[in-house]
Amino acid sequence: MSDRPEIKPYKGPAGGWGALRSVAVNLLRQDVPVKGGLTLLHTNQPDGFDCPGCAWPDREHASTFEFCENGAKAVAFEATSRRVGPEFFAKHSVEELARYSDYWLEDQGRLTHPMRYNPATGHYEAVAWDEAFACIASKLNGLASPDEAIFYTSGRTSNEAAFLYQLFVRQFGTNNFPDCSNMCHEPSGVGLIEQIGVGKGTVTLHDFEQADLIMVFGQNPGTNHPRMLGELRRAVQRGARVLAFNPLRERGLERFADPQDALEMLHNGSERIASEYYQLRIGGDFAVAAGMIKHVLERDAEERAAGRAPLLDDAFIAEHTDGFAAFRAEVEALRWHELETLSGLSESRIRDAGKRYLHAERAIVCWGMGITQHKRAVATIQMLVNLMLLRGHVGRPGAGICPVRGHSNVQGDRTMGIYEQPAPAFLDRLRDVFGFEPPRAHGVDVIGAIEAMRDGRGKVFFAMGGNFAVATPDSAATQAALRQCELTVHVATKLNRSHLVHGQDALILPCLGRTEIDLQAGGPQSVSVEDSMSMVHLSGGINAPASKDLLSEPAIVARLAQATLGKRSDTPWTWLVEDYDRIRDQIARVFEEFADFNARVHVPGGFHLGNSAGRREWRTATGKARFMAHGIAAEDDPLPEVPEQRVFTLTTLRSHDQYNTTLYGLNDRYRGVHNERKVVFANAADIAELGLNAGDRVDIESLHHDGVRRIVRGFVLAGYDIPRGCIGAYYPETNPLVPLDSYAERARTPTSKAIPVVLRMHDPAQAQAQARDIPAAVVG
Ligand SMILES: Nc1nc2c(c(=O)[nH]1)N[C@H]1C(S)=C(S)[C@@H](COP(=O)(O)OP(=O)(O)OC[C@H]3O[C@@H](n4cnc5c(=O)[nH]c(N)nc54)[C@H](O)[C@@H]3O)O[C@H]1N2
Ligand SMILES: Nc1nc2c(c(=O)[nH]1)N[C@H]1C(S)=C(S)[C@@H](COP(=O)(O)OP(=O)(O)OC[C@H]3O[C@@H](n4cnc5c(=O)[nH]c(N)nc54)[C@H](O)[C@@H]3O)O[C@H]1N2
Ligand SMILES: [Mo]
């Protein structure tokens, strides 16, 4: 295939031969050694490593090799034989590197050596580990307050590393723990804790085996959780129904051929996944959930009036819930025409979804970023849970709540205490076990961190993984904020833009990846991770490290803690990392649910952490599961007037060839896009109404009440099956459009799935003139 941009509809199923071909291409492109191919066979095996791809659980974790195209790409990217060492940095100044695209940067290979920025030469230069730690320690210890330091975490960090990290940072004296969760499933945590007393999903894979209805809201499993498709397919094969709620027609939700199923592959067969596809408007989910509830309540009232059996689970509602009366009144007050306008679906279509819900004996509701990255995300999530509570679909086999997490250990990191608002009881426990007084004041989240750096309150930015400069909203403002820091430090496996958007002093600390052997004084070590369904299991690397100068994340934390805290800490940091069982013993002392951690985790497949709501034990303010009443929201802040311009709602999406800010390639197979990232998916009628054609390039400007102009340029228009008035484009290229102060109520997750924008014909001359306003990531 040529490398010219091409956009045409994809007709095949998700998975299938295309998935296998793509894996082969990626292994070749990344120069993964032949042995590296074998690496794949150890993914999600009892004696192998946890797939760094996503947080979807593994079936039995012990038996079959679970094939997943995107997991394979994630592994290939880590197992690459390319290297970014001191010679690379000697050759390229930071200024020069900043001109390359994000794709190019990460494609250069694995970081091999700790590096420090030299302002005199403008290059990163090799530095000894001890010197790197001494430099960070002296900066941290020189701050006027520990709260001037910010410690970010991305979700690949293991439980052991995360536990040590939070312990070190709290001994240092701050709760400044922004993490990728803040941009991801934070609203799920906030909504669920209040409503059912636990911020995690209540189901396991066993429930998926028994469900007869699976609702998938705002999630694209074909790309982001390919192993979930296998689960959906099995469910469909046994007669369960899958309902998809999504503004875009996503191929993976429609048809799927399982690459593990030899027969299906040979016959070029595929399975229809979604029995029904509800193509709602962007942000229409609240209205759809409310409408489904309205339907259920109305039908229930009819049944009762006719003297037939009620449709609600009266016993469950009476014994296990509260707030039902107020909630019901609120829903009854909603008008169908309002719900139709907000959702973009007709009353009969919403009732159809309600009817299917009523038919189900055992229903599961899943959701992803299409739900969480909205202003009213918490209310929407609570509406979905309200729907489930009506018929007692929580805490019994085959039924429950399933927020589908992103990063492979994002859930575990939270469990380990990576949270800017730690519970007092947890801090008490840390105090008792480790004999220090943890800070009590809440720390900053992602948005708070950016504000703190912008305002000069945040002076040191330390990142345990991730790509903060690119993943966060309002790229221009965020990158300016990062540049204000006195010190930026990144623990990373690969070079990325965040390393180039640096403070006065800057360090890159290269670490081992999950696929690699982690050798400590006590021998090779395994780490543990928790998946989206609260299964905790071990992960041990099998490849030789990319360089002899890499340290593991736990070792980096331990040595940094030692250098920074010295005699102030009586935690035996070095001793702990000699054998990670010792770290796990400390984890077991702090968290009740990790009692006997080592014994339980050394069993193949690990163990389930348990879930109070799954047992119908409600750790909420009222001791019950709570119906949460939410009306239709008041108007947002008024947008600026744009004369004679149609305002669209933009949602930002992942392509099939990316892992968040890491691009594996420039294709998005299931949406038919090749060799292009700057694409706007729009309804053909809207394109025509704008007087434009598919293939034309446009500039996108977002509208916000603060008067700042946020524009990205030169995006190709592509006709797509998406409701009118709605458009989609890829993340992170569109992050410059997301205003920093536009976020989910109560959870502060950036509203990356609903940005009001206008489109204009692309003007190359203007683009030239304004290029310096646009972050390099977008220009490249
Ligand atoms: N290969 C791969 N796997 C990944 C990732 C990756 O980047 N690449 N990222 C990981 C991470 S961190 C996460 S959080 C997950 C993300 O996984 P997803 O939650 O699937 O993430 P997105 O691609 O952002 O988009 C979700 C879907 O929401 C739909 N959508 C957009 N707006 C709306 C809306 O208003 N309502 C509804 N109902 N739907 C909407 C989009 O059309 C899209 O299909 O995946 C994880 N796994
Ligand atoms: N507009 C818009 N913005 C979004 C989203 C969206 O849908 N739309 N999604 C949001 C979501 S859900 C998330 S989770 C965030 C993601 O935000 P982040 O988690 O910050 O970003 P990633 O791209 O996942 O991080 C990739 C980097 O992690 C490093 N890395 C990889 N493996 C390891 C490892 O084992 N250890 C260490 N130390 N480093 C490693 C590599 O250097 C790589 O460059 O982005 C958010 N931003
Ligand atoms: Mo995420």
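- Going by the annotation in an unreviewed UniProt entry, the name recorded for the chain is FdhF/YdeP family oxidoreductase, with Thermomonas aquatica given as the source organism.

A word on the site of ligand 2
Move 1: Around ligand 2 lies a shell of 31 residues, among which Tyr152, Ser154, Glu553, Thr661 and Asn735 are the nearest.
Move 2: One nitrogen or oxygen atom from the side chain of Arg156 is found 3.0 Å from a nitrogen atom belonging to ligand 2.
Move 3: Between ligand 2 and Asn660 there is a distance of 3.0 Å, counted from an oxygen atom to a side-chain nitrogen or oxygen.
Move 4: The protein chains hide 96% of the 930 Å² of surface that ligand 2 would expose on its own.
Move 5: The residue inventory of the shell around ligand 2, partitioned by class, reads eleven nonpolar, 14 polar and six charged.
Move 6: Taken domain by domain, the shell around ligand 2 gets at least three of its residues from each of domain 2 (86-173 + 414-511 + 551-596) and domain 4 (648-779).

Remarks on the pattern of salt bridges
Move 1: A complete count under the given rule lists 58 salt bridges for this structure.
Move 2: Between Asp657 and Lys73 there is a salt bridge whose closest N-O contact spans 2.8 Å. With Asp657 in the loop between β25 (648-653) and β26 (658-659) and Lys73 in helix α3 (residues 69-78), this residue pair connects regions lying 584 residues apart in the sequence. Each member of the pair, Asp657 together with Lys73, is buried.
Move 3: The shortest N-O distance in the salt bridge between Asp352 and Arg356 comes to 3.1 Å. Of this pair, Asp352 and Arg356 both sit in helix α19 (residues 347-359), separated by four residues, roughly a single helical turn.
Move 4: Here Asp352 falls in the buried class, since its relative accessible area comes to 13%.
Move 5: Put simply, Asp428, Arg431, Asp432, Glu437 and Arg440 are held in one network by salt bridges that share partners.

Some remarks on the packing of aromatic side chains
Two aromatic rings, taken as a pair, are described by how far apart their centres are and by the angle between their planes.
Move 1: Considering all chains together, one arrives at 33 aromatic pairs under this definition.
Move 2: Arranged with centres 5.6 Å apart and planes meeting at 65 degrees, the rings of Phe89 and Tyr124 form a pair that is edge-to-face. With a gap of 35 residues between them, Phe89 in helix α4 (residues 86-91) and Tyr124 in strand β6 (residues 123-126) connect regions that are remote in the sequence. Of the two residues, Phe89 and Tyr124, both sit in the buried class.
Move 3: One aromatic cluster is present, built from ring pairs that chain together Phe163, Phe426, Phe434, Phe591, Phe594, Phe597 and Phe607.
Move 4: Positioned over the ring face of Tyr659 is Arg156, at 5.2 Å from the centre of the ring.
Move 5: The ring of Tyr277 is capped by Arg249, whose NZ or CZ atom sits 4.4 Å from the centre of that ring.

A closer look at the sheet that holds strand β31 (residues 710-719)
Move 1: Here we have six strands rolled up into a closed barrel, ordered β25-β32-β29-β31-β30-β33, and mixed in their pairing. In this sheet, neighbouring strand axes are inclined to one another by 45 degrees on average, regardless of whether the strands run parallel or antiparallel.
Move 2: Where β25 meets strand β33 (residues 755-761), three bridges bridge the pair, whose relative direction is antiparallel. Pairing of Phe648 across the sheet is with Val757, part of β33.

Some remarks on the packing of helix α15 (residues 285-305) against α19
Move 1: As a packed pair, α15 and α19 sit with axes 8 Å apart at the nearest point and diverge in direction by 60 degrees. On the basis of the axis angle, α15 is oblique to α19. Here α15 and α19 pass one another in a crossing that is right-handed. On α19, the residues touching Val288, Gly291, Met292, His295, Val296, Glu298 and Arg299 of α15 are Ile350, Arg351, Ala353, Gly354, Lys355, Tyr357 and Leu358.

Remarks on the domain arrangement of the chain
Buried accessible area, meaning the area lost when the parts come together, often serves as the stated size of an interface.
Move 1: Entries for the chain in the domain assignment read domain 1 (9-79), domain 2 (86-173 + 414-511 + 551-596), domain 3 (189-404) and domain 4 (648-779).
Move 2: Of note, the centres of domain 2 and domain 3, computed from C-alpha atoms alone, are 38 Å apart.

Some details on the nonpolar core
Move 1: Counting residues in hydrophobic clusters, the biggest one holds 60 residues, and the most contacted among them are Phe151, Phe163, Phe168, Phe462 and Leu509.
Move 2: Take this core: its biggest share by element is eight residues, from helix α8 (residues 159-172).
Move 3: With residues up to four places along the chain from it excluded, the contact list for Phe168 reads Leu140, Phe151, Val557, Leu560, Ala561, Thr564, Leu565 and Trp573.
Move 4: Of all hydrophobic cores here, the second largest spans 54 residues; its members include Val198, Val365, Val385 and Met388.

Quick word on the site of ligand 1
Move 1: Taken together, 31 residues form the shell around ligand 1, and within it Glu250, Gly283, Asp285, Gln658 and Asn660 come nearest.
Move 2: Interatomic distance of 3.1 Å between a backbone N/O atom of Thr223 and a nitrogen atom of ligand 1.
Move 3: Interatomic distance of 3.0 Å between a side-chain N/O atom of Thr651 and a nitrogen atom of ligand 1.
Move 4: If ligand 1 stood free it would expose 920 Å²; the protein chains cover 99% of that surface.
Move 5: Elements that contribute at least two residues to the shell around ligand 1 include exactly α11 (221-224), α20 (369-372), β25 and β26.
Move 6: Classifying every residue of the shell around ligand 1 by side-chain character gives ten nonpolar, 17 polar and four charged.
Move 7: Both domain 3 (189-404) and domain 4 (648-779) contribute no fewer than three residues apiece to the shell around ligand 1.

Parameters at a glance
Residues numbered from 1 in each chain as written. Chains lettered and ligands numbered in written order. Predicted model: local features only at pLDDT ≥ 70, side-chain atom pairs only at ≥ 80, totals over all residues. Heavy atoms only, no water. Near = heavy atom within 4 Å. Polar contact = N/O pair within 3.5 Å; in protein donor to acceptor, adjacent residues only side chain to side chain. Areas by Shrake-Rupley, 256 points an atom, 1.4 Å probe, with all protein chains shown as cover. Nonpolar A, V, L, I, M, F, W, Y, C, P; charged D, E, K, R; others polar. Domains from an automatic or database assignment. Salt bridge = Lys/Arg side-chain N within 4 Å of Asp/Glu carboxyl O. Helix = DSSP H or I, 4+ residues; strand = E, 2+ residues; numbered from the N terminus. Buried < 20%, exposed > 50% of the residue type's maximum accessible area, 1.4 Å probe, protein only. Phe/Tyr/Trp six-rings, centres within 6.5 Å; stacked < 30°, edge-to-face > 60°. Lys NZ or Arg CZ within 6 Å of the ring centre and 35° of its normal. Pairing = 2+ DSSP bridges. Axes fitted to C-alpha atoms, helices over the stretch in contact; angles between N-to-C directions. Parallel < 35°, antiparallel > 145°, perpendicular 65-115°, else oblique. Left-handed = near helix turned anticlockwise from the far one by under 90°. Contact = heavy atoms within 4.5 Å. Core = buried A, V, L, I, M, F, W, Y, C linked by side-chain atoms within 4.5 Å.

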